[in-house]
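This is what each chain is made of:
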Amino acid sequence: MNKIFAGLPNTIFDVMSQAARDLNAINLGQGFPEDPGPLDVREKAADAVLNGYNQYPSMMGIPELRNAVAKHYAHWHGLKLEPMSEVMITSGATEALTGAILGLVEPGDEVLVFQPMYDSYVPIIRLAGGIPKFIRLEPPHWLLPEEAIRKAITPKTKYVIFNNPLNPAAVVYPRDNIEMLARICQEFDLIAICDEVWEHVVFDRRDHIPLITIPGMRERTVKIGSAGKIFGLTGWKIGFVCAAPHILRVLTKSHQFITFTTAPNLQVAVAYGLGKADDYFIKMRADLARSRDRLSDGLSQIGFPVLKSQGTYFVNVDLAPLGLNETDEAFCKRLVHEHKVAAIPVSAFYEQDHVTSVLRFCFSKKDETLDTALERLSHVLHA
Ligand code: GLN
């Protein structure tokens, strides 16, 4: 058996969702909305299932969707992509990330990874024979530390994985931090693998800035997106990979032996959805920001030190100022068992030098769900 996988625990998302089901708890752990998602997009998918598009689509994705992705990013970010040579559709961002890492990383290559990190990156880097080099981000601001990045780089460093907006920290990186990373990539000849699945879930009129749009990055960036987050349809697993032709050509070769293609009916619906007017995206952000405020305000009133969420479906609380003698993991266990609310311990997103005082709550839920969770949490700190 392959030790990389045999030694791994189940992902924290599955563990907490299963605990929530077993204990009949409110699940503010794994990130998914309670809302069923845009009706028109779901109707397009239903129509495509009934009236066509059920055989293998082309390996790169259906042309309608590749065109729609290119048009979408031209509209939102002024990014010009040639849809047939620079855009590929995958079965979710998870597959896109796996394919990018397996396609690019060679044995012995070092890959910079910012902790907290999404849990799929590191096992796949290791599977490719690569060596993850961890850089620790910290609350409350979680900004990229230039000095630590420079210190981590060696002649073997070839790639950096950058998740922006950052799950779980709920940070939307500011331009100066992104430009600093771009400078480093160019100075040390690194390729950036950018996990931008949360690109549309940004609040308070913040702009998501794709690293690929920074001068000098167009030829050395793999941009990864996911319809699951753009439309709040997390089970759909439709991902997009955008990169210059010399990079994408290689990634098509890994994709063809991971999943080869992706559900064509859902691709049709996503192609339609990406063309929706700006109002849809603006309203989605405003609705989520309202839920963010409802949960954040409620948590603050209970006495939790809330870290303001700038994007994603998540808000974090930092228990450190409370001086509790309990790790985030122990706290989460107690929350789900005794108070029937599931959250995620942020230490699960670290492999070294864990930050052990932060809990992540998902707020993309109905008001009643958030209110019931808050009611249950109101006793936690004063038990
Ligand atoms: N992205 C979601 C989260 O962070 C869920 C991911 C998963 O279940 N693998 O909660």
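Here the structure is shown first, and the text comes after it.
In this report, we go over the structure that sits alongside the text. (Residues numbered from 1 in each chain as written. Predicted model: local features only at pLDDT ≥ 70, side-chain atom pairs only at ≥ 80, totals over all residues. Heavy atoms only, no water.)

**What about the site of the ligand?**
Our working rule: We define proximity as follows: a residue is near a molecule or strand when any one of its heavy atoms falls within 4 Å of that partner. Whenever a nitrogen or oxygen atom comes within 3.5 Å of another N or O atom, the pair is scored as a polar contact, on the condition that within protein one atom can donate a hydrogen and the other can accept it, and that pairs from neighbouring residues in sequence are kept only if both atoms are in side chains. Surface exposure here means Shrake-Rupley accessible area, sampled with a 1.4 Å probe, where a residue is shielded only by the protein chains that are shown. Residues are sorted three ways: Asp, Glu, Lys and Arg are charged, Ala, Val, Leu, Ile, Met, Phe, Trp, Tyr, Cys and Pro are nonpolar, and all the rest, Gly among them, are polar.
Every residue near the ligand is listed here: Phe-13, Gln-30, Gly-31, Tyr-118, Asn-167, Phe-314 and Arg-360. Tyr-118 places a side-chain nitrogen or oxygen 3.1 Å from a nitrogen atom of the ligand. Here an oxygen atom of the ligand and a side-chain polar atom of Arg-360 are 2.6 Å apart. Here the ligand loses 82% of its free accessible area of 300 Å² to cover by the protein chains. Residues of the shell around the ligand, tallied by class, amount to 3 nonpolar, 3 polar and 1 charged.

**Concerning the packing of aromatic side chains**
Let me state the cut-off plainly: For Phe, Tyr and Trp, where Trp contributes only its six-membered ring, two rings pair if their centres lie within 6.5 Å, and the inter-plane angle classes them as stacked under 30 degrees, edge-to-face over 60, or tilted in between. Here a strand is any run of E in DSSP of at least two residues, a helix any run of H or I of at least four, and the numbering for each starts at the N terminus. Throughout this description, buried means an accessible area under 20% of the type-specific maximum (1.4 Å probe, protein chains only), exposed means over 50%, and partly exposed covers the range between. Note on geometry: a ring has a charge over it if NZ (lysine) or CZ (arginine) is within 6 Å of the ring centre and within 35 degrees of the ring normal.
Tallying each qualifying case throughout the model produces 16 aromatic pairs. Between Phe-304 and Phe-331, the aromatic rings sit 6.3 Å apart at their centres with planes inclined by 80 degrees, giving edge-to-face as the arrangement. Linking Phe-304 in the loop between helix 13 (278–302) and strand 9 (306–307) with Phe-331 in helix 14 (residues 328–339), this pair joins segments that are 27 residues apart in sequence. Here the two residues Phe-304 and Phe-331 agree in accessibility, since each one is buried. Members of the aromatic cluster, joined through ring pairs, are Phe-13, Tyr-118, Tyr-121 and Phe-349. Sitting above the plane of the Phe-32 ring, Lys-365 keeps its charged end 3.7 Å from the centroid.

**Observations regarding the side chain of Thr-261**
Residue placement: Thr-261 occurs in the loop between helix 11 (245–255) and helix 12 (264–274). Here Thr-261 falls in the buried class, since its relative accessible area comes to 14%.

**Considering a nonpolar patch on the surface**
Selection criterion: Residues form patches when they are more than 30% accessible in relative terms and have no salt bridge. Like charges link within 9 Å. Nonpolar side chains (Val, Leu, Ile, Met, Phe, Trp, Tyr) link within 5 Å. Only one rule defines a salt bridge in this text: a Lys or Arg side-chain nitrogen within 4 Å of an Asp or Glu carboxyl oxygen.
Taken together, Phe-5, Leu-8, Leu-102, Leu-127 and Ile-258 make up a surface patch of nonpolar side chains, about 390 Å² in accessible area. Its place among the elements puts Leu-127 in helix 7 (residues 121–127).

**Let's talk about the sheet that holds strand 10 (residues 314–318)**
Worth spelling out the cut-off: DSSP bridges decide pairing: two strands pair if at least two such bridges lie between them. Only heavy atoms enter the contact rule, under which two residues are in contact if any of them lie within 4.5 Å. Here an angle of 0 to 180 degrees is reported between the N-to-C directions of two axes, which are lines fitted to C-alpha atoms, with helices fitted over the stretch in contact.
Strand order in the open sheet made by the 4 strands is 9-10-13-12, with antiparallel pairing throughout. Of all the strands in the sheet, the pair left with one neighbour each is strand 9 and strand 12 (344–345). Sitting on the sheet, helix 14 is in contact with strand 12 and strand 13 (358–362), with an inclination near 40 degrees to strand 13.

**Comments concerning the environment of Pro-155**
Mapped onto the fold, Pro-155 is located in the loop between helix 8 (146–152) and strand 5 (157–163). By relative accessible area, Pro-155 is classed as exposed at 81%. Between the C-alpha atom of Pro-155 and that of Glu-110, which follows or precedes it by 45 residues, the distance is 8.8 Å.

**Focus on the packing of helix 3 (residues 39–51) against helix 12**
In a packed pair of helices, the relevant descriptors are the angle between the two axes and the axis-to-axis distance. Note the threshold: Two helices that cross are described as forming a left-handed crossing if the nearer one is turned anticlockwise from the farther one by less than a right angle, and a right-handed crossing if clockwise.
Running from amino to carboxyl end, helix 3 crosses helix 12 at an angle of 145 degrees, the nearest separation of the two axes being 8 Å. In this structure, the crossing between helix 3 and helix 12 has a hand that is right-handed. Here helix 3 contributes Asp-40, Val-41, Lys-44, Ala-45, Ala-48 and Val-49 to the contact with helix 12, which in turn contributes Asn-265, Leu-266, Val-268, Ala-269, Tyr-272 and Gly-273. Each residue belonging to the contact of helix 3 with helix 12 can be placed in one class, and the counts come to 8 nonpolar, 2 polar and 2 charged.

**Quick look at unusual backbone geometry**
Following Pro-139, the chain continues into Pro-140 via a peptide bond in cis, with omega recorded as 5 degrees. Assignment of secondary structure puts Pro-140 in the loop between strand 4 (131–136) and helix 8. A cis geometry characterises the amide bond from Asn-167 onward to Pro-168, with omega recorded as 15 degrees. Mapping Pro-168 onto the fold places it in the loop between strand 5 and helix 9 (175–187). With phi around 65 degrees, Ala-170 is a residue other than glycine that occupies positive phi space. By the secondary structure assignment, Ala-170 is in the loop between strand 5 and helix 9. Ala-170 sits in the buried class, given a relative accessible area of 1%. Positive phi outside glycine occurs at Lys-340, with the angle close to 60 degrees. Assignment of secondary structure puts Lys-340 in the loop between helix 14 and strand 11 (341–342). When its relative accessible area of 28% is taken as the criterion, Lys-340 is described as partly exposed.

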